[in-house]
Amino acid sequence: MSPMRLLEDLEPIAACPLPWERLRNKRIFITGATGFIGSYLVEALCWLDSRLSLGLKIGLFHRIGTQPTVSIPCIRWVAGDIARAFLPEDFWPDIIIHGASPANQRAILSDPAGVVSCNILATRYLLECARKNRSTFLFFSSGEVYRRGPEKIVETSAGELAQNSLLSLYGSSKLAGELLCEQYRRSYDTECRILRLFSIFGPGEALTSGRCFTDFLAQAKETHSIRINGPGTQVRSFCYLSDFVSGLLFILLCGEGTVYNVGNEDNTASILGLARQIAEVRGNTAVIGPLTTSTQTDAYVPDTTKLRQLGWRPQVDLKTCIKRCLDSYR
């Protein structure tokens, strides 16, 4: 990310009314640091460490055979197998952030065993590390633990998955990881906070990820047209990366050992509406379709009341999110 874009994204986070002293000199261990969301989180934490003189020490997991993506003095890379013990004995984390998992449909369907390894086996191992070190444990769950319907989704709605969904394995494994967190909280008083992520977008995601947002960006960029193969009536929310990071920090520094939806219901649009907004921001771009019709209601929008009660507010609207993403691919 360019220095100017980094400042544009992260200065508002540094200005948040957060108890930053609670982060001072903390040791943080993160999995998923080489992924789209995780790499942005690491970049944000390193920038905040420098900007606010926090004295962070950050350990990052990467799989054996892959290469670390950044080299910064406060970072220590740890190679390992996600399904086996990998945390170094000389690194005692105050905070563990478990964000590793295949997330988009293509990755999930191509590696179902990896879904189980990340969301269940690695979660169990890292919870045991958190128990031994008295660490605060943040688990990246997903809005896929919910059955979709016409209303905003509240945290108490989880547990009734649509088993015919392509993402049912993913959602079920995330629920299993949540249950492990709850067991450790009850049995060992481990401080566990669960983040259910909803449609996080921003610079850095591969245009081949298979999600409608990146599919539309790729079409607009390459052909100046966006094709809506379905009815386009499905309703989604869209949360920019910097708003996700600020949400995580509010949960980490102000939250409790419970579950939080993390998304942005202010940025809600139908699939057709999203395509039209991308076309407008891109300019000289046509929207083709919808090519089918449907009367079914399919909404995937979080209720973030619990997160907002901590003081968090999203700051990046949908058009700004689209513009920043398009600019990054140029």
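Being a predicted model, the structure only gives us computed values, none of them experimental.

**Observations regarding the pairing of strand S4 (residues 95–98)**
Now for step 1: Neither face of S4 is open: one carries Ile95 and Ile97, the other Ile96 and His98, and all of them are buried.
Now for step 2: Inspection of the sheet shows strand S1 (residues 27–31) paired to S4 by 4 bridges, in the parallel sense. Paired with Phe29 across the strands is Ile96, a residue of S4.
Now for step 3: As defined by bridge partners, S4 adjoins strand S5 (residues 136–142) across 4 bridges and the pair is classed as parallel. Bridge pairing links Ile96 to Phe137 in S5.

**A few points about the side chain of Ser135**
Now for step 1: By the secondary structure assignment, Ser135 is in the loop between helix H4 (112–133) and S5.
Now for step 2: Residue classification places Ser135 among the buried residues on the basis of a relative accessible area of 3%.
Now for step 3: In this structure the side chain of Ser135 is engaged in a polar contact, spanning 2.6 Å, whose partner is the backbone oxygen of Pro93.
Now for step 4: Excluding residues within four positions of it along the chain, Ser135 makes contact with Pro93, Asp94, Ile95, Ile96, Cys129, Ala130, Thr190 and Glu191.

**Re the packing of aromatic side chains**
Now for step 1: A full pass over the atoms with the stated rule returns 11 aromatic pairs.
Now for step 2: A ring pair is formed by Phe29 and Phe86, whose centres lie 6.1 Å apart and whose planes are at 25°; its orientation type is stacked. Pair noted here: Phe29 is in strand S1 and Phe86 is in the loop between strand S3 (75–80) and S4, with a separation of 57 residues, a long-range link. The exposure classification of Phe29 matches that of Phe86, with both residues buried.

**Structural notes on the state of the cysteines**
Now for step 1: According to the stated counting rule, one finds 0 disulfides in the structure shown.
Now for step 2: For the unlinked cysteine Cys192, the closest cysteine sulfur is that of Cys181, found at 4.6 Å.
Now for step 3: Distance from the sulfur of Cys321, which forms no disulfide, to the nearest cysteine sulfur (Cys325) is 4.3 Å.

**Examining the sheet that holds strand S14 (residues 299–300)**
Now for step 1: The sheet built from 3 strands is open, its strands ordered S12-S9-S14 with mixed pairing. Two strands lie at the open edges of the sheet, namely strand S12 (268–270) and S14, each paired on one side alone.
Now for step 2: The pairing of strand S9 (residues 235–237) with S14 spans 2 bridges and is parallel. Among the inter-strand pairings, Val235 is bridged to a residue of S14, identified as Ala299.
Now for step 3: Where helix H8 (residues 271–282) meets the sheet, it contacts S9 and S12, and its direction lies at approximately 100° from that of S12.

**With respect to the sheet that holds S1**
Now for step 1: A sheet is described by the order of its strands in space; here 7 strands give the open sequence S3-S2-S1-S4-S5-S6-S11, paired in parallel fashion. Where the open sheet ends on each side, the last strands, each with one partner, are S3 and strand S11 (259–262). Averaged over neighbouring strand pairs, the angle between their axes works out to 20° when direction is ignored.
Now for step 2: Lying over the sheet, helix H7 (residues 241–254) contacts S4, S5, strand S6 (191–197) and S11, oriented at roughly 160° with respect to S6.

**Remarks on the pattern of salt bridges**
Now for step 1: Within this structure, the stated rule accounts for 20 salt bridges.
Now for step 2: Of the charged contacts, one joins Arg131 and Glu128 as a salt bridge, the two residues approaching to 2.4 Å between their closest N and O atoms. Linking Arg131 with Glu128, this pair stays in helix H4, spanning 3 residues, or about one helical turn.
Now for step 3: According to the relative accessible area criterion, Arg131 is partly exposed, its value standing at 27%.
Now for step 4: A salt bridge links Arg196 to Glu178; its shortest N-O distance comes to 2.6 Å. In this pair, Arg196 is assigned in strand S6 and Glu178 in helix H5 (residues 168–188), connecting sequence segments 18 residues apart.
Now for step 5: Within the structure, one salt-bridge network assembled from shared partners comprises Glu8, Asp9 and Arg324.

Rules and cut-offs
Residues numbered from 1 in each chain as written. Predicted model: local features only at pLDDT ≥ 70, side-chain atom pairs only at ≥ 80, totals over all residues. Heavy atoms only, no water. Buried < 20%, exposed > 50% of the residue type's maximum accessible area, 1.4 Å probe, protein only. Helix = DSSP H or I, 4+ residues; strand = E, 2+ residues; numbered from the N terminus. Pairing = 2+ DSSP bridges. Polar contact = N/O pair within 3.5 Å; in protein donor to acceptor, adjacent residues only side chain to side chain. Contact = heavy atoms within 4.5 Å. Phe/Tyr/Trp six-rings, centres within 6.5 Å; stacked < 30°, edge-to-face > 60°. Disulfide = S-S within 2.5 Å. Axes fitted to C-alpha atoms, helices over the stretch in contact; angles between N-to-C directions. Salt bridge = Lys/Arg side-chain N within 4 Å of Asp/Glu carboxyl O.

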